[in-house]
Amino acid sequence: MKFVKKSENTSPYIDNIFSVTSLAKKDPDGINATAGCLYDETGKMLTYDCFEETEKELTMRQKAAYASSPAGNKEYLDAITDFVLDKRVSNHYRAVATPGGTGALSMAFKLCLDAGDTILYPEIAWGNYKVMADESGYKVLNYDVYDLEDLFRKIDMVEGKVFLVVNSPCHNPLGHAYTYEQWQKILDKLNGLHKEAVLVCDIAYIDYANGDPKKYFSLFNGISDDLLVLIAASCSKAFSCYGYRLGCLIAIHNDEEFLECFANLASRYGRATWSNINNGGMLTVSKVLLEKRKDYDRELQEAKTLLKERRDLFVKQAQECDLPLYDLSDGFFATVKVSDNTERDQIHQRLMEDHIYTIKVNKGIRIALCSVPLKKLDGLAKKLKEKL
Ligand SMILES: Cc1ncc(COP(=O)(O)O)c(C=O)c1O
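Residues numbered from 1 in each chain as written. Predicted model: local features only at pLDDT ≥ 70, side-chain atom pairs only at ≥ 80, totals over all residues.

Some thoughts on the overall build of the chain
Filter applied, for reference: Going along the chain from the N terminus, every DSSP run of H or I of four or more residues is numbered as a helix, and every run of E of two or more is numbered as a strand. Just to be clear, the radius of gyration here is over C-alpha atoms, and the globule rule we use is 2.2 Å times residues to the power 0.38. By the criterion used throughout, residues are in contact when their C-beta atoms, derived from the backbone, lie within 7 Å.
Helix and strand counts for the chain come out as 15 helices and 12 strands. For a compact globule of 388 residues, the expected C-alpha radius of gyration is about 21 Å, and the chain comes in at 21 Å, within 12% of that figure. In terms of principal-axis extent, the alpha carbons of the chain reach across some 60 × 55 × 55 Å. Across the chain, the fraction of contacts at a sequence separation of at least 24, relative to all contacts at a separation of at least 6, is 77%.

Written out as structure tokens, the structure is:
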């Protein structure tokens, strides 16, 4: 293609989420199970009052100003790392602000991988990993999240540096979460490799997980010198502020000097790519965490309760009508098993004809429990089963 660089991928880019979401929006009486954002029971996007009130307290000048550094405002970085790490990590770490979890992931990929290097991510996964891998010419190896032996086999197949992306808990789209014992085995495997390995923890939805989802962070205190842990965190989900484009990348390693160099690379990459991060967003998040933490925790808990009610209803009704679902623990989504992707395409189309909008994923159909009110969710499992 004229003008663009020779290595550019010129195939048409079709975003399979945004295209179906826009169809669903034109059909307000239909069931819109596409959006990966929290919606309340009236069908409107759920936002946090503490976030909105804090944002309103900022002046236009504060919001319009540039951030104080390409790596992010210090108050934001301190507040967000304390929030994300939750006092679980005593090893060394450094953080940089990024535009959402996506910015954190793309930064991790770009800083650690050359074209032709291999990236390991789940066989059924958030579609953007593939977009990022294709865009930069990485080889991809996929693993089954339900089978640790498969993951370990794939790790052994990688020549050179291991670069592993794990999206747990609240896996998108499966809702899968590794237990603490499984995390121990994953860390044992990586620590025992005796070659360079990077573990990227995509924790985009972790704040909506049940139990003690951050317990496994303590395992990062005993990592080998050959392992770098990168945590990609997203404020989009945590603070229900998707369009603000806020997140962070936290690097954890035994060697402080290495982290200093890594943070320097990250700052330069950020400066060259997005220059700096949304200042008003960073100010808001740090103020919420420092001044309104109790309100935030309460509102988050309410959102978690709502999600749980939806998940419990959907899973119960799916069991009653034998709708095959992938095993799920928590998160925004549930996925209907359809092993054959051609069949999946037909079912997806039939559902749209019946005003039910869902997202196609590898070997399945994703239902966004986060965006469907209980009254519309009631009976959805049966409708889906009828279309299978
Ligand atoms: C698994 C996963 N990781 C990361 C992200 C990044 O989200 P954002 O860039 O909006 O923070 C998403 C968003 O949908 C996601 O589903």
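Focus: the sheet that holds strand β9 (residues 333–337)
Stated formally: A pair of strands counts as paired when DSSP detects no fewer than two bridges linking them. For helices, the axis comes from a line fit to the C-alpha atoms of the stretch in contact; other axes are also lines fit to C-alpha atoms, and the angle between any two N-to-C directions lies between 0 and 180 degrees.
Taken together, the 3 strands give an open sheet; going across it, the order is β9-β12-β11, and neighbouring strands pair in antiparallel fashion. Pairing within the sheet leaves two strands with one partner each, and these edge strands are β9 and β11 (359–361). Between one strand axis and the next, the sheet turns by 35° as a mean value, whatever way the strands run. In this sheet, strand β12 (residues 364–368) lies alongside β11 in antiparallel orientation, the contact comprising 3 bridges. Paired with V361 across the two strands is G364, which belongs to β12.

As for the nonpolar core
Quick note on the threshold: Throughout this description, the term nonpolar core refers to a group of buried Ala, Val, Leu, Ile, Met, Phe, Trp, Tyr and Cys residues whose C-beta atoms join them within 7 Å. Three exposure classes are used, all based on how many other C-beta atoms lie within 10 Å of a residue's own C-beta (placed from the backbone): buried at 20 or more, exposed at 12 or fewer, and partly exposed between those limits.
Judged by nonpolar contacts, the single largest core of 114 residues is most densely connected at V200, L230, A232, C248, L249 and L369. Looking at this core element by element, the count peaks at 7 residues for strand β7 (residues 227–234). Residue contacts for C248: discarding those within four places in its chain leaves I80, V84, A95, V96, A97, T98, A104 and A233.

Some words on the domain arrangement of the chain
Quick note on the threshold: Boundaries between domains were set according to an automatic or database domain assignment. Ten residues, namely Ala, Val, Leu, Ile, Met, Phe, Trp, Tyr, Cys and Pro, are considered nonpolar, four, namely Asp, Glu, Lys and Arg, are considered charged, and the remaining ones, Gly among them, are considered polar.
Domain assignment breaks the chain into domain 1 (16–48 + 294–387) and domain 2 (57–291). A straight line from the C-alpha centre of domain 1 to that of domain 2 covers 26 Å. Counting residues at the interface gives 26 residues for domain 1 and 22 residues for domain 2. Tallying contributions element by element places helix α12 (residues 293–320) first for the side of domain 1 that touches domain 2, with 4 residues. The residue inventory of the side of domain 1 that touches domain 2, partitioned by class, reads 13 nonpolar, 8 polar and 5 charged.

Looking at the site of the ligand
This is how the line gets drawn: Nearness here has a simple definition: the residue's C-beta atom, placed using the backbone, must lie within 6 Å of the molecule or strand.
Near the ligand lie 13 residues; those nearest to it are G100, G101, T102, S234 and S236. Of all the elements, helix α5 (residues 100–112) adds the most residues to the shell around the ligand, at 3 residues. Of the residues contributing to the shell around the ligand, the split by class is 3 nonpolar, 9 polar and 1 charged.

Topic: the packing of helix α2 (residues 49–57) against helix α11 (residues 279–291)
What counts is decided by this rule: Every angle not falling under 35 degrees, over 145, or within 65 to 115 is termed oblique; those three ranges are roughly parallel, roughly antiparallel and roughly perpendicular. Handedness of a helix crossing follows the sense of rotation of the near helix relative to the far helix, less than a right angle counterclockwise being left-handed and clockwise being right-handed.
Relative orientation of the contacting elements α2 and α11 amounts to 120°, with a least axis distance of 9 Å. It follows that α2 is oblique to α11 by the angle criterion. Two packed elements cross with a definite hand, and for α2 against α11 that hand is right-handed. Contacts from C50, F51, T54 and E55 of α2 reach α11 at G280, T284, K287 and V288. Of the residues in the contact of α2 with α11, the class split is 3 nonpolar, 3 polar and 2 charged.

Topic: the environment of D144
Within the element layout of this structure, D144 appears in the loop between β4 (139–143) and α7 (148–157). Assessed through the 14 C-beta atoms surrounding it within 10 Å, D144 is described here as partly exposed. Considering only alpha carbons, one finds D144 and Y121, 23 residues apart in sequence, at a separation of 8.9 Å. When near neighbours in sequence (up to four residues on either side) are disregarded, D144 contacts E123 and D150.

A look at helix α15 (residues 380–387)
Stated precisely, the cut-off is as follows: Arc definition: it is the arc formed by the directions from the helix axis to the C-beta atoms.
Within α15, the full set of buried residues consists of L380, A381 and L384. One side of α15 carries all its buried residues, which in axial view fall inside an arc of 100°. On its buried face, α15 sits against β1 (31–32), α12, β9 and α14 (374–377).

A word on unusual backbone geometry
The peptide bond linking S168 to P169 adopts the cis configuration, its omega dihedral lying at 0°. With respect to the helices and strands, the residue P169 is situated in the loop between β5 (162–166) and α8 (180–191). Looking along the chain, the bond that leaves N172 and enters P173 is cis, with omega of 15°. Within the secondary structure layout, P173 lies in the loop between β5 and α8. Residue F3 is not a glycine yet carries a positive backbone phi of 75°. Relative to the assigned elements, F3 resides in the segment before α1 (16–25). Taking the number of C-beta atoms within 10 Å as the measure of exposure, F3 has 5 and is therefore exposed. Phi at R245 is positive, roughly 55°, even though this residue is not glycine. Structurally, the position occupied by R245 is in the loop between α9 (235–238) and β8 (247–253). Overall, the presence of 19 C-beta atoms within 10 Å leaves R245 in the partly exposed class.

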